[in-house]
Amino acid sequence: MLLKFFLTCNKIGAFTLGGGYAMIPVMEREYVDKNHWLDREEFMDIMVVAQTTPGIFSIDMASHIGYKLRGVWGGIVGALGIALPSIIAILLIAIFFHNFKDNVYVEKFFRGVRPAVVALIAAPCFKMARTAHITWSTCWIPVVSCLLIAAFSVSPIWIIIVAGLAGYIYGRVKKSSTFQQSSSPSLSPNRQIIKEFKMMIFLKLFYVFSKIGIFNFGGGYAMLSLIYSETVVKNHWLSNAEFTDIVAISQSTPGPIGINAATYVGYTSVINAGYPVWAAVLGSVLASLSIMWLSFILMISISHYLLTHKDAPWVKHVFAALRPAIIGLIAAAALLLMNKENFGTPGQSVPYFILSVALCVAVFVATLRYKVNPILALLVCGIVGLVAY
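The rules we used
- Residues numbered from 1 in each chain as written.
- Predicted model: local features only at pLDDT ≥ 70, side-chain atom pairs only at ≥ 80, totals over all residues.
- Heavy atoms only, no water.
- Helix = DSSP H or I, 4+ residues; strand = E, 2+ residues; numbered from the N terminus.
- Expected span 1.5 Å × (residues − 1).
- Buried < 20%, exposed > 50% of the residue type's maximum accessible area, 1.4 Å probe, protein only.
- Polar contact = N/O pair within 3.5 Å; in protein donor to acceptor, adjacent residues only side chain to side chain.
- Phe/Tyr/Trp six-rings, centres within 6.5 Å; stacked < 30°, edge-to-face > 60°.
- Lys NZ or Arg CZ within 6 Å of the ring centre and 35° of its normal.
- Salt bridge = Lys/Arg side-chain N within 4 Å of Asp/Glu carboxyl O.
- Core = buried A, V, L, I, M, F, W, Y, C linked by side-chain atoms within 4.5 Å.
- Contact = heavy atoms within 4.5 Å.

Asks: Explain helix α15 (residues 350-369) here, please?
Replies: Residues separated by three or four positions in an α-helix point in the same direction, a consequence of the helix having 3.6 residues per turn. Relative to the 28 Å expected for 20 residues at 1.5 Å per residue, α15 spans 28 Å between its end C-alpha atoms, a close match to the ideal helical length. Among all positions of α15, only Y352, S356, L359, C360, V363, A366, T367 and L368 are buried. The N-terminus of α15 is capped by S349, whose side-chain oxygen sits 3.3 Å from the backbone nitrogen of Y352. Positive phi shows up at K371, right after α15, with a value of about 55°.

Rendered as structure tokens:
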């Protein structure tokens, strides 16, 4: 049973593009229709749990299903089954890309892709806003969240904590008020990290990606804001251009976007720190496992509780406040990538700047309005970059 479950999760992770939510139809076919491990009602219940806990959506789903099938070992098998194809694929791409990233044609391709990445990050904000039940009383949350991150460099983790606590407090106050009413009559110089103690980069990777994994709500796109804040702004492991390349590669390969990004960041940051390839491979595996382990433990520990208490008023209020904040995090990630490294400037080259903006707008409209496949959009923009730049 465990081997079959592991191979099934491998297949889901290896042949599904677009992140966790794109995996839902494949998971339902494999878990419910084909193997009959769950009935449709159980599958829906597990989706609710995965959507209301931190971590990577598809891995949370597989962990919980595995736990219901074979306990803790089943959960471990499910999580590794989903993640392993992504780790292997991204690791191979990272090694290849670092050997050829200075090639003129590779550079031209990514010049065309980078503006499209910004559009692909921004578009989900509008899609999510339609289903986040945002009202006039909560519409300010995504705007303020975005401004705090983009303009004042506030950590997205603090945004998540404050939003969740505010939602909980609001729910408690509202409940108390209702009770009273009812009962009363009325790469830069910062890359000197090369000189650090050899194990420090690995300890930092473990700490940073463990933190990202446990504080992420809202799927891979929301996680990108946390990854950007930690790897580009705070630790200076990556440049803006490198981070944009990572997002493009993560979206162009199968599996969860969060795992794809963690694997690539782990490899790239260690290479940038001056270590050999074998150490970079270790860094990529460490980052990938670090982003999973805390959320995995949390998922296994609280899944039963959330399934039985998902209709509790305090749970609803907490996540009612979190969902608009997540939209702000995603918007901030797009806003922070609207820079000269990805778009150029009119002073550098007017045609390049106009073409970059045009590609960004075109991809934004195509994916949001016409539901064009993001992979196709990235490939087309890459080809435009090869021809035009």
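Asks: Would you mind going over the packing of aromatic side chains with me for this structure?
Replies: Working definition: an aromatic ring pair is given by the centre-to-centre distance plus the angle between the planes. Per the counting criterion, the structure on display carries six aromatic pairs. When the ring of Y31 is compared with that of W37, the centres are 6.2 Å apart and the planes differ by 35°; the resulting orientation is tilted. The same class applies to Y31 and to W37, which are both buried. For the ring pair F206 and W293, a centre distance of 5.8 Å and an interplane angle of 15° mean the geometry is stacked. You can see F206 sitting in helix α8 (residues 200-215) and its partner W293 sitting in helix α12 (residues 277-309), a full 87 residues away along the chain. Residue class for F206 comes out partly exposed when judged on its relative accessible area of 36%. For W293, a relative accessible area of 35% translates into the label partly exposed. Three or more aromatic residues joined by ring pairs make a cluster, and in this case those are F5, Y31 and W37. Across from the ring centre of Y370, 5.4 Å away, lies the NZ or CZ of R369, which sits over that ring.

Asks: Would you take a moment to explain the pattern of salt bridges for this structure?
Replies: Once their charged atoms are close, side chains differing in charge can pair, the charge on each being opposite to the other. Counting across every chain of the model gives two salt bridges. The closest approach of N and O atoms between E30 and K11, which form a salt bridge, is 3.1 Å. In this pair, E30 is assigned in helix α2 (residues 24-34) and K11 in helix α1 (residues 2-14), connecting sequence segments 19 residues apart. Judged by its relative accessible area of 5%, E30 falls in the buried class. What makes K11 partly exposed here is its relative accessible area of 33%. Note that E230 and K211 form a salt bridge whose closest N and O atoms lie 3.0 Å from each other. In this pair, E230 is assigned in helix α9 (residues 220-234) and K211 in helix α8, connecting sequence segments 19 residues apart. The same class applies to E230 as to K211, namely buried.

Asks: How should the nonpolar core be read in this particular structure?
Replies: With 80 residues, the main nonpolar core has Y31, F209 and I291 as its most contacted residues. When residues of this core are assigned to their parent elements, the largest contribution, 14 residues, is made by helix α4 (residues 57-100). Excluding residues within four positions of it along the chain, Y31 makes contact with F5, T8, C9, I12, H36, W37, L38, F43, A62 and I65. Counting residues in each nonpolar core, the second largest holds seven residues, with I141, C146, I149 and I159 among its members.

Asks: When you look at the environment of V32 in this model, what are you seeing that I'm missing?
Replies: Turning to its location among the elements, V32 is positioned in helix α2. In this structure, the C-alpha to C-alpha distance between V32 and E42, residues 10 residues apart in sequence, is 9.2 Å. Beyond its immediate stretch of four places on either side in the chain, V32 contacts M27, L38, D39, R40 and F43.

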